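Observations on the model geometry
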Amino acid sequence: MEPNYGIISVIPAVVVIGLALYTKKTVLSLVIGTFLGVTILNGWNPLVAVVSLFQDYLYPNLTSTGNLKTIIIIIVLQGYVKMLKLTGAGESLSRWAQRWIKSKRGAEVTTCAAGFAFIYTEPNFVLGAVMRPITEAFKVARVKLAYITDSLGCNVAAMSPITSYGPYYTGLLAAELTALGITADAWSYYWKYLPNNLYAILAILVAYYVAASGKDIGPMYLAEKRANETGRILGPKDDPIVKDMPGETFAASDHLPVRNFIIPMGTMFIALFASIFYTGKIWENGANVFTNCDVTTSIIIGFSAAGIAAILVGTSQKRFSFMEGFQQWINAFANGSEIVLILAFAWALSTVSGNLGLKYFVAEIVESTGVSPALIPAIIYLAGCVISFATGSSWGTSALLMPIAVPVCYSYGIGIEIAAAAAIAGGLFGDHCSPISDTTIKASMAAGCDHIQHVRTQIPYAVTSGMSAFVAYIVSGLTNNTILGIVVALVLAIAAINVQHKLAVKKYANVDFSQEEINPNLLVH
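Bear in mind that the values here come from a model prediction, so they are computed numbers and not experimental data.

Thresholds applied
- Residues numbered from 1 in each chain as written.
- Predicted model: local features only at pLDDT ≥ 70, side-chain atom pairs only at ≥ 80, totals over all residues.
- Heavy atoms only, no water.
- Helix = DSSP H or I, 4+ residues; strand = E, 2+ residues; numbered from the N terminus.
- Rg over C-alpha atoms; globule rule 2.2 N^0.38 Å.
- Buried < 20%, exposed > 50% of the residue type's maximum accessible area, 1.4 Å probe, protein only.
- Contact = heavy atoms within 4.5 Å.
- Areas by Shrake-Rupley, 256 points an atom, 1.4 Å probe, with all protein chains shown as cover.
- Lys, Arg positive; Asp, Glu negative; His and termini not counted.
- Charge placed at Lys NZ, Arg CZ, Asp CG, Glu CD.
- Salt bridge = Lys/Arg side-chain N within 4 Å of Asp/Glu carboxyl O.
- Core = buried A, V, L, I, M, F, W, Y, C linked by side-chain atoms within 4.5 Å.
- Phe/Tyr/Trp six-rings, centres within 6.5 Å; stacked < 30°, edge-to-face > 60°.

**Re the overall build of the protein**
- Across its full length, the protein carries 26 helices and 0 strands.
- Relative to a compact globule of 525 residues, whose C-alpha radius of gyration would be 24 Å, the protein shows 23 Å and is just as compact.
- Per-residue burial over the protein gives 55% buried out of 525 residues.
- Nonlocal contacts in the protein, meaning residues at least 24 apart in sequence, comprise 79% of its contacts between residues at least 6 apart.
- Within the structure as shown, the protein displays about 20800 Å² of accessible surface, and the carbon and sulfur contribution to it stands at 65%.
- Counting 31 positive and 30 negative side-chain charges, the protein places the averaged centre of each group 10 Å from the other.

Rendered as structure tokens:
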């Protein structure tokens, strides 16, 4: 077992999260917290820690194949989005969509529904890129778009068998079945696990309810109130993780045919699925192609092809020459540098927390609780929430808790699928809302909003869904009825949202936006 530094193991994560929420400086907070953790691991010697930070934590994380793919996605996505803006693709889509979508709530509900069109991957990147022009046309605050894309990110992926999540979870579960001497196929338990993934279910349903009802809460209500009354979709002090640049806006008289959007988007999907079918060897695997393909590489190819297609669209309309468009596409890659820096330190912090034994410290607390067996899934889920929020990793949390949850629950006669679901659901909570989660960072990038503002505005919703899921596990554990647990939790979540909405309305009733300075990022032309 890895070293366990006890309560000291929580210090780096607490420092990062606390500093990030207080200073609103994500990179600075990550650097300080990560370096502190490396210093602890090197006998509190800061000089040795400087070298170790690079050699042992930054370099390995930046050069791993999976992380490199994520970085490349971020880079090519910047080029793709840039070309959509320069060709007016986003504006053309929003003009076309306004024929069918007639309200702000309609735009938000459509965004929620569109998330399920990307069940082969985490929807954050693609969903944000596709829907942002539409939500901005209806003056949806960018943090609201980030919340929706984040809610439909890891949660949708965790419920889809054709993403990398499905095979990963079944792989973890298969190891536990073998250890218990159970010969059943892990996939048979996967299908049973789905209705027991209570956090994912509730987080998605709450996002739909909020989008359809307009019942915003906490600081999100203020952001949406500002957007409704002034049309400003960023707060005065918001620092978007990806900023708009000059030359990306168009006058109402500009002719922007919807094909400016359809051609690059169609190209992206053709290239995406062609790569999925090729890397997944559809001629051999048939319907199992999605569980055997390289989705990440396929997304990279899709975004790259779409960017080039947008260059050709702009060239054909004489908006720029091919060489000028190509150079703009390349130049836009640099827009992702801050995101890459954030991810690099977030990955490093996750490794640091693992080496400090944070997960084992929390796991020991769970194992030492003398609670009723019916409440064990709820305790496992709660422990997962703590671990994942502190580490920002759902997969790491699931990998830790699965070997604890499955055998313990099995020994008490609790369904293996419930044990697995509790371990996975707890991991999803932090993946959804932790400021150091790569999924949360991706949502901020896709929506073009301030990262810490995204975290601040999203946390009330995530905590509401999270606490409701905790109640759901308690109810389902005591009654042995999952459906009853979901119903009770959903009613509780909706009631909590309505109460918090009324409190927000009262709190921000007299806010005057007329004296508020306009964010310079909204004045770019």
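**Topic: the pattern of salt bridges**
- Applying the stated criterion to the full structure yields 11 salt bridges.
- The salt bridge partner of Glu136 is Arg142, with a shortest N-O separation of 2.9 Å.
- Between Lys144 and Asp216 there is a salt bridge whose closest N-O contact spans 2.8 Å. One end of the pair, Lys144, is in helix H8 (residues 142–151); the other, Asp216, is in the loop between helix H12 (198–213) and helix H13 (218–230), and 72 residues separate them in sequence.
- When its relative accessible area of 1% is taken as the criterion, Lys144 is described as buried.
- Relative accessible area serves as the criterion here: at 5%, Asp216 is assigned to the buried category.

**Topic: the nonpolar core**
- Among the nonpolar cores identified, the biggest contains 81 residues, and Tyr80, Ile134, Tyr147, Phe303 and Ile339 are the most heavily contacted of them.
- In terms of nonpolar packing, the next biggest core, distinct from the first, is built from 54 residues, Ala186, Tyr193, Ile380 and Ala472 among them.

**Quick word on the packing of aromatic side chains**
- A full pass over the atoms with the stated rule returns 13 aromatic pairs.
- Their ring planes at 35° and their centres at 5.2 Å tell us that Tyr381 and Tyr473 sit as a pair that is tilted. Here Tyr381, found in helix H21 (residues 376–391), pairs with Tyr473, found in helix H25 (residues 451–479); they are 92 residues apart in sequence, far enough to count as distant.
- With a centroid separation of 6.3 Å and an interplanar angle of 35°, the aromatic rings of Phe389 and Phe429 are classed as tilted. Here Phe429 lies in helix H23 (residues 416–433) and Phe389 lies in helix H21, a separation of 40 residues in the sequence.
- Overall, the relative accessible area of 10% leaves Phe429 in the buried class.
- Taken together through their ring pairs, the aromatic side chains of Phe322, Phe326, Trp329 and Phe333 make up a single cluster.

So yeah, pure geometry; function would need other evidence.
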